[in-house]
Amino acid sequence: MVYDKRTMDEIALVQSAQQGDTEAFKFLFEENKRRILGLAYQYTKNIEDSEDILQDTFIKAYHSLRKFDVRNCARFSSWLYRIGINCSIDHMRKRKRQTDNIFPGGDVTDLSDANPRSNPDVSQQKTEVRERIDQVLNTLSRKQRMIFILKHYQDLSIKEIAEYMNCTEGSVKKQLFRTVSAMKKHFRHFLQEAGCEM
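Residues numbered from 1 in each chain as written. Predicted model: local features only at pLDDT ≥ 70, side-chain atom pairs only at ≥ 80, totals over all residues. Heavy atoms only, no water.

## Quick notes on the environment of V180
Reasoning step 1: Of note, V180 is situated in helix α8 (residues 169–193).
Reasoning step 2: Judged by relative accessible area, which is 30%, V180 ranks as partly exposed.
Reasoning step 3: The sequence separation of V180 and V136 amounts to 44 residues, and the corresponding C-alpha distance is 9.8 Å. (Helix = DSSP H or I, 4+ residues; strand = E, 2+ residues; numbered from the N terminus. Buried < 20%, exposed > 50% of the residue type's maximum accessible area, 1.4 Å probe, protein only.)

## A look at the pattern of salt bridges
Reasoning step 1: If you walk through the whole model with that rule in mind, you get four salt bridges.
Reasoning step 2: A salt bridge links R75 to E10, with the nearest nitrogen and oxygen atoms 3.6 Å apart. Here the residue R75 occupies a position in the loop between α3 (47–64) and α4 (76–102), and E10 occupies one in helix α1 (residues 10–18), the gap between them amounting to 65 residues.
Reasoning step 3: Residue K60 pairs with D90 through a salt bridge whose shortest N-O separation is 3.9 Å. Taken as a pair, K60 in helix α3 and D90 in helix α4 lie far apart in primary sequence, 30 residues in all.
Reasoning step 4: D90 sits in the partly exposed class, given a relative accessible area of 27%.
Reasoning step 5: Each of K60, D90 and R93 takes part in one network of salt bridges that share partners. (Salt bridge = Lys/Arg side-chain N within 4 Å of Asp/Glu carboxyl O.)

## Topic: the packing of aromatic side chains
Reasoning step 1: Applying the stated rule across the entire model yields eight aromatic pairs.
Reasoning step 2: Measuring from ring centre to ring centre gives 4.8 Å for Y81 and Y164, while their planes differ by 55°; the resulting arrangement is tilted. Separated by 83 residues along the polypeptide, Y81 in helix α4 and Y164 in helix α7 (residues 158–165) bring together distant segments of the chain.
Reasoning step 3: A residue is classified by how much of its surface remains accessible, and Y81, at 0% relative accessible area, is buried.
Reasoning step 4: Above the ring of Y81, the side-chain terminus of R35 is found at 4.0 Å from the ring centroid.
Reasoning step 5: One Lys or Arg, R145, reaches over the ring of Y43 and ends 4.9 Å from the middle of that ring. (Phe/Tyr/Trp six-rings, centres within 6.5 Å; stacked < 30°, edge-to-face > 60°. Lys NZ or Arg CZ within 6 Å of the ring centre and 35° of its normal.)

## Thoughts on a negative patch on the surface
Reasoning step 1: Judged by side-chain charge, E48, E51, D52 and D56 come together as a negatively charged surface patch.
Reasoning step 2: Relative to the helices and strands, E51 is located in helix α3. (Patch = residues over 30% accessible without salt bridge, like charges linked within 9 Å, V, L, I, M, F, W, Y side chains within 5 Å. Areas by Shrake-Rupley, 256 points an atom, 1.4 Å probe, with all protein chains shown as cover. Lys, Arg positive; Asp, Glu negative; His and termini not counted. Charge placed at Lys NZ, Arg CZ, Asp CG, Glu CD.)

## A short note on the nonpolar core
Reasoning step 1: Counting residues in hydrophobic clusters, the biggest one holds 40 residues, and the most contacted among them are F76, Y81, I85, M146, L150, M165 and V172.
Reasoning step 2: Broken down by element, this core gets its largest block of residues, nine residues, from α4.
Reasoning step 3: What I85 contacts, discounting residues up to four positions off in sequence, is L39, M146, L150, Y164 and M165.
Reasoning step 4: Judged by nonpolar contacts, the second largest core, of seven residues, contains V136, L140, F148 and M183. (Core = buried A, V, L, I, M, F, W, Y, C linked by side-chain atoms within 4.5 Å. Contact = heavy atoms within 4.5 Å.)

## Here's the deal with α3
Reasoning step 1: Its 18 residues give α3 an end-to-end C-alpha distance of 26 Å, which sits within 8% of 26 Å, the value for a rise of 1.5 Å per residue.
Reasoning step 2: Three or more residues of α3 are buried, namely D49, S50, I53, L54, T57, F58 and A61. For α3, the angular spread of buried residues about the axis comes to 165°, placing them on one side. Exposed and facing more than 90 degrees away from the buried side of α3 are E48, Q55 and H63.
Reasoning step 3: Two to three positions downstream of the cap, the backbone nitrogen of E48 sits 2.9 Å from a side-chain oxygen, assigning the N-cap of α3 to N46. (Expected span 1.5 Å × (residues − 1). Arc of directions from axis to C-beta. Polar contact = N/O pair within 3.5 Å; in protein donor to acceptor, adjacent residues only side chain to side chain.)

## Thoughts on the environment of L39
Reasoning step 1: Within the fold, L39 resides in helix α2 (residues 22–44).
Reasoning step 2: Residues L39 and S50 lie 11 residues apart in sequence; the distance between their C-alpha atoms is 8.2 Å.
Reasoning step 3: Residues within four places of L39 in sequence aside, it is in contact with Y81, G84, I85, S88, M146, L150 and Q154.

## Considerations on the packing of α1 against α2
Reasoning step 1: Two numbers describe how α1 lies on α2: the axes approach to 7 Å, and their chain directions differ by 135°. If you check the angle between α1 and α2, you find them oblique. Helix-helix and strand crossings are classified by hand; for α1 and α2 the assignment is left-handed. Of α2, the residues touching α1 (which contributes L13, V14, S16 and A17) are A24, F25, F27 and L28.
Reasoning step 2: Of the residues assigned to the contact of α1 with α2, the class counts are seven nonpolar, one polar and no charged. (Axes fitted to C-alpha atoms, helices over the stretch in contact; angles between N-to-C directions. Parallel < 35°, antiparallel > 145°, perpendicular 65-115°, else oblique. Left-handed = near helix turned anticlockwise from the far one by under 90°. Nonpolar A, V, L, I, M, F, W, Y, C, P; charged D, E, K, R; others polar.)

Structure (structure tokens):
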């Protein structure tokens, strides 16, 4: 069966997929893959890791699809996004363990932009600022890093982040405050090193 997003709403597609319609699930995949891939890339800065996370997210969603209750008013895309967040955090946790096993006692971080379509004319200053941001993010807890990314890269509201991260809005604000404070401290040193006036 060929699905048309103009005539099929999300709930109907999910219900069809729950009944074993693989075309309906494929349609849901096509509708949501860019958002999940974007989230994963912001978190990993690596296209191969992002594609692995995308695959893990939809595999978990497929196996858990029957547990999704269309009657509780939750959107499938929101449910899927939450799975994507968890898969991103789990993936980086596994990657860190692998890195620690290969380089015990060391911290190896790839700060290069893995996107082959990135603009080669981007100024050195912008590149360095981005690398500095990545350096700070890599010093944060996985939860703090994800909250920062959801807020400043994915443009989610405090309420949305709290729902996705399964925590209170107060907790989100607290983690964001700590992260921004760390950013300010780091960039204060960066500007001093560069000889800029504060």
